[in-house]
Amino acid sequence: MHKNWRDCSQWRHEGLPLSTTSNEACKMFDAVLTQYVGWYDDPSVGGIENCVSKMLEADPNFVMGQVLSNGLELLGTGRTTRLDTDFQASLDKMIVQADRTDLTGRERKHVNAVKLWADGCTTKACDVWEDILVEYPTDMLALKMAHGSYFYLGFQPHMRDSIARVMPHWKEDMPLYSYLMGMHSFGLVETNFYKQAEEAARKGLNMNSKDAWATHALCHVLEMMGRQNEGISFLSTTLADWTTCGMLACHNFWHWALYHIEKGEHAGALDIYDGQVGPRVKSGAMYDIVDATSLLYRLEMEDINVGDRWQDVFEICRPHIDDHILSFNDVHILTGCMGAKKKEITDKMMESIREFVSNGQGHNNDITREVGLPICEAFQAYNDGHFDRAVDLMYPVRYKIVTIGGSNAERDLFNLFLINAALKSKDKTHHRIARQLLMERKALKENAPMTDRLIARAVALHGDE
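Nothing here was measured: the structure is a model prediction, and the numbers come from that model.

**A few points about the overall build of the protein chain**
Looking only at helices and strands, one finds 25 helices and zero strands in the protein chain. The C-alpha radius of gyration computed for the protein chain amounts to 22 Å, which stays within 12% of the reference 23 Å derived for 465 residues, consistent with globular compactness. Principal-axis analysis of the C-alpha atoms gives the protein chain an extent of 75 × 50 × 35 Å. Every one of the 465 residues in the protein chain was classed for burial, and the buried ones make up 60%. Sequence separation of at least 24 residues holds for 65% of the intrachain contacts in the protein chain that already meet a minimum separation of 6. Carbon and sulfur atoms make up 50% of the accessible area of the protein chain, which amounts to about 18,700 Å² in all. Looking at charge distribution, the protein chain has the averaged site of its 49 positive side-chain charges lying 2 Å from that of its 65 negative ones.

**Topic: the pattern of salt bridges**
A complete count under the given rule lists 27 salt bridges for this structure. The closest approach of N and O atoms between Lys115 and Asp119, which form a salt bridge, is 2.9 Å. Given a relative accessible area of 35%, Lys115 falls into the partly exposed group. Assessed through its relative accessible area of 36%, Asp119 is described here as partly exposed. The partner of Glu370 in a salt bridge is Lys400, with the nearest N and O atoms 3.1 Å apart.

**Overview of helix H15 (residues 246-263)**
When the terminal C-alpha atoms of H15 are compared, their 27 Å separation across 18 residues agrees well with the 26 Å that a helix rising 1.5 Å per residue should span. After H15 finishes, the residue Gly264 shows a positive phi value of roughly 80 degrees.

**Describing the packing of aromatic side chains**
Tallying each qualifying case throughout the model produces 17 aromatic pairs. With a centroid separation of 6.0 Å and an interplanar angle of 5 degrees, the aromatic rings of Phe253 and Trp256 are classed as stacked. With Phe253 and Trp256 both in helix H15 and three residues apart, the pair spans about one turn of that helix. Like Phe253, the residue Trp256 is buried in the burial classification. Each residue in the set Trp39, Trp117, Phe151, Tyr152, Phe186, Trp213 and Tyr287 is aromatic and connected to the rest through ring pairs, giving one cluster. Sitting over the face of the ring of Tyr136, Arg106 holds its NZ or CZ atom 5.8 Å from the ring centroid. We note Lys144 situated over the ring of Trp213; from NZ or CZ to the ring centre the distance is 5.2 Å.

**Examining helix H18 (residues 309-317)**
Looking only at H18, the buried set comprises Trp310, Val313, Phe314, Ile316 and Cys317. The arc that holds the buried residues of H18, viewed along the axis, is 160 degrees, so those residues lie on one side. In this structure, the buried side of H18 is in contact with helix H16 (266-280), helix H17 (286-301), helix H19 (327-339) and helix H20 (343-359).

**What about unusual backbone geometry?**
With the exception of glycine, the majority of residues adopt a negative phi angle, and the majority of peptide bonds are in the trans configuration. Look at Asn192: it is not a glycine, yet its phi comes out positive at around 70 degrees. Along the chain, Asn192 falls in the loop between helix H10 (179-190) and helix H11 (194-207). One non-glycine residue, Asp303, adopts positive backbone phi at about 65 degrees. One can find Asp303 in the loop between H17 and H18. Its relative accessible area of 60% is what places Asp303 among the exposed residues.

**Brief notes about the side chain of Thr215**
Of note, Thr215 is situated in helix H12 (residues 212-224). A relative accessible area of 2% places Thr215 in the buried class. Apart from residues lying up to four places away in sequence, Thr215 is in contact with Leu205, Phe234, Leu235, Trp242 and Asn252.

**Some remarks on the nonpolar core**
Ranked by internal contacts, the top residues of the largest apolar core, which has 169 residues, are Phe29, Trp129, Ile375, Phe379 and Met394. Among all residues touching Phe379, those that are not within four sequence positions of it are Tyr297, Val331, Leu334, Thr335, Met338, Met394, Leu413, Phe414 and Phe417.

**Some words on the side chain of Gln66**
Locating Gln66 in the fold gives a position in helix H4 (residues 63-76). Exposure remark for Gln66: the relative accessible area of 6% places this residue in the buried category. In terms of polar contacts, Gln66 uses its side chain to reach the backbone carbonyl oxygen of Pro60, at 3.0 Å. At 3.4 Å, the side chain of Gln66 forms a polar contact with the backbone nitrogen of Met94.

The rules we used
- Residues numbered from 1 in each chain as written.
- Predicted model: local features only at pLDDT ≥ 70, side-chain atom pairs only at ≥ 80, totals over all residues.
- Heavy atoms only, no water.
- Helix = DSSP H or I, 4+ residues; strand = E, 2+ residues; numbered from the N terminus.
- Rg over C-alpha atoms; globule rule 2.2 N^0.38 Å.
- Buried < 20%, exposed > 50% of the residue type's maximum accessible area, 1.4 Å probe, protein only.
- Contact = heavy atoms within 4.5 Å.
- Areas by Shrake-Rupley, 256 points an atom, 1.4 Å probe, with all protein chains shown as cover.
- Lys, Arg positive; Asp, Glu negative; His and termini not counted.
- Charge placed at Lys NZ, Arg CZ, Asp CG, Glu CD.
- Salt bridge = Lys/Arg side-chain N within 4 Å of Asp/Glu carboxyl O.
- Expected span 1.5 Å × (residues − 1).
- Phe/Tyr/Trp six-rings, centres within 6.5 Å; stacked < 30°, edge-to-face > 60°.
- Lys NZ or Arg CZ within 6 Å of the ring centre and 35° of its normal.
- Arc of directions from axis to C-beta.
- Core = buried A, V, L, I, M, F, W, Y, C linked by side-chain atoms within 4.5 Å.
- Polar contact = N/O pair within 3.5 Å; in protein donor to acceptor, adjacent residues only side chain to side chain.

Have a look at this one:
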């Protein structure tokens, strides 16, 4: 892993000058960026949060330090300037300082991109980062911010191509080069280039076995190809590598549990939840909240009693019911409320979503109006036992669900939800829809024991129709 933090002269030498005279600020900028790209906290420098503090203490007027700090908060999707006055003040300070500082054109674009993201203009922010990459293809901050944002937007080809077009400009001896492999792999697997994705992920892991994003990309390949046993073996034999990356470890454990659920090994999935996902969600990180709620909901759709596990998750979801940063997050937070049987809070969150649709603005507002709100209404209908309404709400938007972001594997929750709702509906047309959806599913992934179980269930319930 890269640890020779770059000072002012080294950043200039690489063609990416930073407008500060503080070598310490430059070095901590590198340390923060490296840990962000690698999804880990480096104990030798006190972890990413400590490095952010050191960076801003070394030069309180370091604009790119403020860009990085605010950008990380935005991409974490746990804070919004719409509700958080302290966060808005931090953005305002960055903008004022940028106006007072003699910045390079590249740095000014970074400031603008972060401002656009905070204002809800996510696609425009990505356009700015891509503008930077045309002239500065080795700007890892622009590349990583765009990569993460494309993931949130559901822009899968963009996620793939953004990496591919800059790779020829990188050299293997450049800091952070190896991480490009995992990033490219993830874009490839999300656009169904499984063979190329596997090759890229394994190449990245050969360069850096502790690259948790490359591990994660390979997990997706194995998931999408129905190679559950390989997935379990891979994660179990590389445990010491990817668990060093605490920011992504919960999600890789989630993948491990998914392999078990697919195989019908529900006790194995619950063991992973209780031993890893449940404890890790207490971090409060939105990634971990999504993992925990998704896992519990999938288990319940498999008719597994998860007991009181929802209660702890609900307490972590509760502070976010008014966020509406991503529709993808909203649905998972809503399941946390419903799973804990908090009807009053569930209704309050639905009211909040509708108010956001009426009075909010930005890209996620548009997506929530068109796709996110119908999905949340479908989940609420299902929770209330109105399975026919759940199908009527979800079926028309199923090809638009990609726009709420997340990965194909994560969004499979919605495919499974629709199938389960259609099987439980009293409408015979919905039963036929369920069978058709199952045929689609089987055609995409032949080795899919969960699909086989659902087919058997459909035959048992409605085989005479």
